[in-house]
Amino acid sequence: MQLTLWSYEGPPHIGAMRIAASMEGVHLVLHAPQGDTYADLLFTMIERRGQRPPVSYTSFQARELGGDTAGLVKSTIQAAFDRFAPRVILIGESCTAELIQDQPGALAQGMGLPVPVLSLELPAYARKENWGANETFYQLVRGLLKSRVPAPGAERELRKTGARPLANLLGPSALGFRCRDDVVEVTRLLDSLGVEVNVVAPLGATPEDLLRLPEADFNVCLYPELADQACLWLERMFGQRTVKTVPIGIGATRDFIAEVGRVADIDVSATREPIWSRMPWYSRSVDSTYLTGKRVFIFGDATHAVAAARIATEELGFTVVGLGTYAREFAREVREAAKRYGVEPLITDDYLEVEAKVAEAHPELVLGTQMERHIAKRLGIPCAVISAPVHIQDFPARYAPQMGFEGANVIFDTWVHPLMMGLEEHLITMFREDFEFHDGATPSHLGPGARAGQASQEPSRDTGSAAAETAVGTDENIMAWTSEAEQELKKIPFFVRGKARRNTERFAQERGILTITVETLYDAKAHFGR
Amino acid sequence: MMGADISPRTPTEGCDASMVTRERGQRQVFCGLAGIVWLHRKIQDAFFLVVGSRTCAHLLQSAAGVMIFAEPRFATAILQERDLAGLADCNQELDRVAAEILERRPDIKTLFLVGSCPSEVIKLDLAKAAERLSDAYRGRVRVLDYSASGLETTFTQGEDACLKSLVPELPALADTERSLLVVGTLPDVVEDQFLRLFAELGIGPVHFLPPRRASEFPPVGRGTRLLLAQPFLGETARALQGRGATLLTAPYPFGIEGTLGWLRAAADAWGIPAARLETVTAPAVARAELSLVRQREALTGKRITFLPDSQLEIPIARFLSRECGMELVEVATPFLDRQLMESELALLPAGVRLTEGQDVDLQLDRVRADRPDITVCGLGLANPLEAEGLRTKWSIELVFTPVHGFDQAADLAELFARPLARGALLRV
């Protein structure tokens, strides 16, 4: 058993629902007890969808368990077929149905329906939502296309000379982070390179669209969490190469363009439209100097977290002090990135552990999911959301992609606005003795609620009386701060104070200093400041 | 105002259970776990540990949504492959998880082990586990169990199951004493209003179940008179009757009429004259009537359909029909407890379309054909209906908003008036 307060991902059948809800003409029949219909609200409330997701539930209750749940499965499938006339039916089970082993997939196959019926294996006690979405999309692509796989050794037809290369965009889905706008942005970007989009899937695709997938010259794996299996299979079976760079951030977008050029065998050095974004100049603009070295903690799905780390370091000049993901399936990518930025990777889906690590790292900005937004709020740290799990706020009314050059603009605004501006920061340093302008007063944009959190971040230390000497217990000895040193410490901006304190204490401990004076503080500063 | 008295039942008025249409099919409702969202806020030293799957955790999180800012006093012990394969001993695992919670939250006095669909299917004996843990934490934490699985419970029935599990724990009321026990989660502000009214009427002592703190468990015995504040607490009522309590038959305290009838049931049991009841309630009734005027203007003649969901459908339909002049198109309820609804059914207009159970697709067909001015439904259905140009009211608000009693009568009406007002306001 795993103790869970909040979870980053739902069960795998939610992933299957996301694929079905992304598409048209596909209906999912879920063998699930009464109550599992709650999942509809994710789509209708969080994403504000105007239609119910195309899902029918068997809604079995205790009284059916003794009787004929198999009959219930069949009548639900028949009713869904008659009412919704889907062109493909997916059959899945939720956690409870998995235990009663009615084999709804086999039951459905036996009904002889005149449309493809695909049975999904969604191990509810071992896997999670993204895995379920990835698996469902793969089964759908494979199920519809396996009879069309060319014979081994058959040559792939060459693109006609002069024809625009065709690409599929794979992975965008319902309840995905900013997928709706990313698709528009990437389509625009590809168009500027002379590449045409053949099919976008699963978002907005029909079963007939999936049948057209092999017509493309290559696939763009926009969201590996959802589409890497399907891309791999298409590559193996249809010889379609996969563009794997996810174009989030300026550098990644440039790499993406280069990769598209290689895979599509086209010259991308001179594109029709100038490639342009405000973001690089905004970042180079003199007012952005204050962003240098801002400590940032990053947590999310692997794709968005790794992309965020690169943007943070290379494009905004931040310092990454934490990098992690809840997606164990993609832990390797995050581990590699963490090594590049010299931080310990955090691979966990335990919200409490993430909270502890954030508090420990004393970041000045948290880039995370809605969970980290709560964590940051509690700790009084600014936060921007970069990844699913999604919240109603992650479906803004305006155009707000994360990918491509416009995505970089959006990211600049979203990440920088929660921070204090450069001049504000200087003023705080200059007027820190002012009773209303002190560092305990949180920035007004964080709201009054943030103040309490700020205090609890460093309990009893900075809020303690200045006259009292603070004793710090270590294994061998007791270390103490003189009141002058405590006072001096307070003059250091609060967002680096925790680190200054820890560094000074570490410095003192290493030298066997028992009383930390103002001198020790500055000695330590000189030591760690290199 | 319309019918401040409970009219005696006549053949031309009121519904009887024989008029109910039963429907079976896909149900668009929460399971009983959703009740944890309000129960954990009411009983402040209790913790709810669901023993279930990732789906249970996800449901709780989705149902609670943005309402939770503080650390929740609920969690899920998620069953994993090794638990099911027998590689891990579920009881040992449960003990470990319980220890983890109680160490983290030393303020917890009652721990509920909440059964779910998977824990029931694998026949995990939570009663036994609760007994074992109670022994282990004796004197510090009381450990109880109940099932809120979708197999057994629909939405608000989860509260019934939870409160029922408290009944054996309640201290005994001496046979010589009597007291009034109000059963059902009420917001503190409403509890306090009722306490003042009971005090003025000379009814007492009054206790509430659930209590605000598990340390304030109310006594129960032969002198206990029960008033249900919520219409979905049949099992709890029967368990309390099993301990000698007497259930007072009354409508539910929604609107002026319902609240008055509810108080009258207690007043009668205490032998308080009708004139006294009238004097004591007169100021609150006058206030409620005054504030209802505006809402009634917005609601009179408007047509409403209730989809089966919170089990509050019948009493609220009665209020909206009799005190706000609304026309009831269809009133559906997940299940009909004829005993508990007796007083309410008698007050519904004759011939109203009553449905028990659900086949959601057929039900939506009827909503589309009827095109009521407002449809009360769950969160999953609201936006799709709005997108079809139909105004809706989320049923979940009815269990989160203070809606009981005289002083909330207008607020209750306003919940339905607001979507209509908004619909009339918007030009986009």
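Treat the numbers as computed from the prediction; the structure is a model and nothing was measured.

Participant: I tried to follow the packing of helix α8 (residues 179-192) of chain A against helix α17 (residues 404-416) of chain A on my own but got confused; where do I start?
Facilitator: Describing two packed helices takes the angle between their axes plus the distance from one axis to the other. Residues and elements named next belong to chain A. For the pair α8 and α17, the least separation of the axes is 7 Å and the interaxial angle reads 135°. Compared by their axis directions, α8 and α17 come out oblique. Residues Asp-182, Glu-185, Val-186 and Leu-189 of α8 form the contact with α17, whose own contacting residues are Gly-404, Glu-406 and Gly-407. A class-by-class count of the residues in the contact of α8 with α17 yields 2 nonpolar, 2 polar and 3 charged.

Participant: When you look at the domain arrangement of chain B in this model, what are you seeing that I'm missing?
Facilitator: How big an interface is tends to be stated in terms of accessible area lost as the parts join. Residue and element names in this part refer to chain B. Annotation of chain B at the domain level lists domain 1 (17-27 + 292-425), domain 2 (32-153) and domain 3 (179-275). Summarising the inter-unit geometry, the C-alpha centres of domain 2 and domain 3 are found 29 Å apart. Across the contact, 10 residues belong to domain 2 and 7 residues belong to domain 3.

Participant: What is the right way to read the environment of Gly-52 of chain B from this model?
Facilitator: Residues and elements named next belong to chain B. Looking at the secondary structure, you find Gly-52 in strand β2 (residues 46-52). A residue is classified by how many C-beta atoms lie within 10 Å of it, and Gly-52, with 30 of them, is buried. In this structure the C-alpha to C-alpha distance between Gly-52 and Val-114, which are 62 residues apart in sequence, comes to 8.4 Å. Those residues in contact with Gly-52 that lie beyond four places of it in its chain are Thr-76, Leu-79, Ser-116, Pro-118 and Ser-119.

Participant: Would you mind showing me how to read the interface of chain B and chain A here?
Facilitator: On the chain A side, the residues contacting the 46 residues of chain B number 42 residues. At the level of secondary structure, the elements contributing two or more residues to the side of chain B that touches chain A comprise α2 (54-64), β3 (74-78), α3 (81-84), α4 (90-104), α5 (117-121) and α15 (379-387) of chain B. Here the side of chain B that touches chain A gets 8 residues from one element, more than from any other, and that element is α2 of chain B. Its residues assigned to classes, the side of chain B that touches chain A shows 25 nonpolar, 13 polar and 8 charged. When strand β1 (residues 2-4) of chain A meets β3 of chain B, the two strands line up antiparallel, connected through 3 bridges. Of the residues in β3 of chain B, the one forming a bridge with Gln-2 of chain A is Ile-78 of chain B.

Participant: I would appreciate a short explanation of unusual backbone geometry in the present structure.
Facilitator: It is generally the case that most residues other than glycine have a negative phi and that most peptide bonds are trans. Residue and element names in this part refer to chain A. The peptide bond linking Ala-201 to Pro-202 adopts the cis configuration, its omega dihedral lying at 0°. Mapped onto the elements, Pro-202 comes out in the loop between β7 (196-201) and α9 (207-211). Cis geometry is found at the peptide bond from Ala-388 to Pro-389, where omega equals 5°. Positive phi values are uncommon outside glycine, yet Gln-103 reaches one of about 50°. With respect to the helices, strands and loops of the structure, Gln-103 is situated in the loop between α5 (95-100) and α6 (104-109). Residue class for Gln-103 comes out partly exposed when judged on the 16 C-beta atoms lying within 10 Å of it. Positioned with a positive phi, His-362 is a non-glycine residue whose angle comes to about 45°. With respect to the helices, strands and loops of the structure, His-362 is situated in the loop between α15 (351-361) and β13 (365-368).

Participant: What should I look at first to understand helix α17 (residues 409-425) of chain B in this one?
Facilitator: Since there are 3.6 residues in each turn of an α-helix, residues three or four apart along the chain are aligned in direction. Residue and element names in this part refer to chain B. Under the 1.5 Å per step criterion, the end-to-end length of α17 is 24 Å for 17 residues, consistent within 8% with the ideal 24 Å. Where α17 bends most, the angle comes to about 35°, and this point is Phe-416, followed within four residues by the proline Pro-419. Among all positions of α17, only Ala-409, Ala-410, Leu-412, Ala-413, Phe-416 and Ala-417 are buried. In this fold, the buried residues of α17 make contact with α10 (255-269), α11 (274-299), α12 (313-322), β13 (374-377) and β14 (392-394).

Participant: How do you make sense of the sheet that holds strand β12 (residues 345-347) of chain A when you look at a structure like this?
Facilitator: The pairing of strands in a sheet happens through backbone hydrogen bonds and is either parallel or antiparallel. Residue and element names in this part refer to chain A. Overall, parallel pairing links the 5 strands, which are arranged β12-β11-β10-β13-β14 in an open sheet. Every interior strand has two partners, whereas the edge strands, β12 and β14 (383-385), have only one. Strand-to-strand twist of the sheet, defined as the mean angle between neighbouring strand axes without regard to direction, takes the value 15°. Sheet strands touched by helix α14 (residues 331-340): β11 (319-325) and β12. Its angle to β11, the strand with the most contacts, is close to 165°.

Participant: What should I look at first to understand the domain arrangement of chain A in this one?
Facilitator: All names here are of chain A. Annotation of chain A at the domain level lists domain 1 (12-129), domain 2 (166-264), domain 3 (279-423) and domain 4 (458-530). Here the C-alpha centroids of domain 1 and domain 2 sit 28 Å apart. Of all the elements in the fold, those that place two or more residues in the side of domain 1 that touches domain 2 are α1 (12-22) and α2 (40-46). Looking at the side of domain 1 that touches domain 2, the element that brings in the most residues is α1, giving 4 residues.

Participant: Looking at this model, I keep getting lost on the nonpolar core. Mind explaining?
Facilitator: Generally speaking, soluble globular proteins have nonpolar side chains that are buried together. Of all hydrophobic cores here, the largest spans 273 residues; its most connected members are Ile-298 of chain A together with Leu-49 and Val-114 of chain B. Setting aside residues up to four positions removed in sequence, Ile-298 of chain A forms contacts with Ala-305, Ala-308, Ala-309, Ala-312, Val-320, Gly-322, Leu-323 and Leu-367 of chain A. Of all hydrophobic cores here, the second largest spans 8 residues; its members include Met-479, Leu-489, Ala-508 and Ile-516 of chain A.

Participant: I'm lost on the pairing of strand β8 (residues 218-221) of chain A in this one. Help?
Facilitator: Along any regular strand the residues' side chains alternate between the sheet's two faces. Residues and elements named next belong to chain A. Burial along β8 is two-sided: the face carrying Phe-218 and Val-220 and the face carrying Asn-219 and Cys-221 are both buried. In terms of strand pairing, strand β6 (residues 166-170) meets β8 through 4 bridges, oriented parallel. Along β8, the bridge assignment pairs Ala-167 with Phe-218. Pairing between β8 and strand β9 (residues 241-243): 3 bridges, direction parallel. Among the inter-strand pairings, Phe-218 is bridged to a residue of β9, identified as Arg-241. A crossover connection joins β8 to the parallel β9 through helix α10 (residues 224-238); in handedness this β-α-β unit is right-handed.

Participant: Explain the sheet that holds strand β5 (residues 117-119) of chain A to me, please; I cannot follow it from the model alone.
Facilitator: Residue and element names in this part refer to chain A. With parallel pairing, 4 strands are arranged side by side in an open sheet as β3-β2-β4-β5. Each edge of the open sheet is held by one strand with a lone partner, namely β3 (55-57) and β5. Between one strand and the next, the sheet's axes are offset by a mean angle of 20°, whatever the strand orientation. Bridging between strand β2 (residues 26-31) and strand β4 (residues 88-93) involves 6 bridges; their strand directions are parallel. Across the sheet, residue Val-26 finds its bridge partner in β4, namely Val-88.

Participant: Just checking my understanding: could you explain helix α8 (residues 188-201) of chain B for this structure?
Facilitator: Residues and elements named next belong to chain B. Between its first and last C-alpha, α8 extends 20 Å over 14 residues, near the 20 Å set by a 1.5 Å rise per residue. Buried residues of α8: Glu-191, Gln-193, Phe-194, Leu-197 and Phe-198, and no others. Looking straight down α8, one finds its buried side chains confined to an arc of 160°; they lie on one side. Exposed and oriented more than 90 degrees from the buried face of α8 are Asp-188, Val-189, Asp-192 and Arg-196. On the buried face of α8, the contacting elements are β6 (179-183), β7 (206-209), α10 and α11. Phi turns positive, to about 80°, at Gly-202, one or two residues after α8.

Participant: Sorry, what's going on with the confidence of the model for chain B here?
Facilitator: One rule of thumb: low pLDDT means the predicted coordinates there are not for detailed reading. All names here are of chain B. Residues of chain B with pLDDT of at least 70 account for 95%, and the chain-wide mean is 92. Low confidence marks residues 1-12, where pLDDT is under 50. Its contacts with residues over four positions away, or in another chain, come to 18 contacts. Taken over the whole predicted complex, pTM reads 0.89, whereas the ipTM for its chain interfaces reads 0.92.

Participant: Explanation requested: the environment of Pro-171 of chain B in the structure shown.
Facilitator: Residues and elements named next belong to chain B. Along the chain, Pro-171 turns up in the loop between α7 (157-166) and β6. Residue classification places Pro-171 among the exposed residues on the basis of 10 C-beta atoms within 10 Å. For the pair Pro-171 and Gly-221, spaced 50 residues apart in sequence, the C-alpha to C-alpha distance is 8.6 Å. Not counting chain neighbours up to four residues away, the residues in contact with Pro-171 comprise Phe-217 and Pro-219.

Participant: Any chance you could explain the environment of Leu-263 of chain B here in plain terms?
Facilitator: Residues and elements named next belong to chain B. Residue position: Leu-263 is located in helix α10. Residues Leu-263 and Asp-135 lie 128 residues apart in sequence; the distance between their C-alpha atoms is 41 Å. Setting aside chain neighbours within four positions, we find Leu-263 in contact with Leu-197, Leu-277 and Thr-281.

Participant: What's the story with the pairing of strand β4 (residues 110-115) of chain B in this structure? I'm lost.
Facilitator: Residue and element names in this part refer to chain B. Counting buried residues along β4, 6 of its 6 residues qualify, which places the element largely inside the surrounding structure. Side chains Thr-110, Phe-112 and Val-114 of β4 all project onto a buried face; the interleaved residues Leu-111, Leu-113 and Gly-115 project onto the opposite face, where all are buried too. Sheet analysis places β2 next to β4, joined by 6 bridges and oriented parallel. Bridge pairing links Phe-47 to Leu-111 in β4. Taken together, the 6 bridges between β4 and strand β5 (residues 142-147) define a ladder with parallel strand orientation. Bridging across to β5, Gly-115 finds its partner in Ser-147.

Quick notes on the rules
Residues numbered from 1 in each chain as written. Chains lettered and ligands numbered in written order. Predicted model: local features only at pLDDT ≥ 70, side-chain atom pairs only at ≥ 80, totals over all residues. Axes fitted to C-alpha atoms, helices over the stretch in contact; angles between N-to-C directions. Helix = DSSP H or I, 4+ residues; strand = E, 2+ residues; numbered from the N terminus. Parallel < 35°, antiparallel > 145°, perpendicular 65-115°, else oblique. Contact = placed C-beta atoms within 7 Å. Nonpolar A, V, L, I, M, F, W, Y, C, P; charged D, E, K, R; others polar. Domains from an automatic or database assignment. Buried ≥ 20, exposed ≤ 12 C-beta atoms within 10 Å, placed from the backbone. Pairing = 2+ DSSP bridges. Expected span 1.5 Å × (residues − 1). Bend = angle between axes of the 7 residues up to and from the residue. Core = buried A, V, L, I, M, F, W, Y, C linked by C-beta atoms within 7 Å. Right-handed = clockwise from strand over helix to strand, strands pointing away. Arc of directions from axis to C-beta. pLDDT = per-residue confidence, 0-100.

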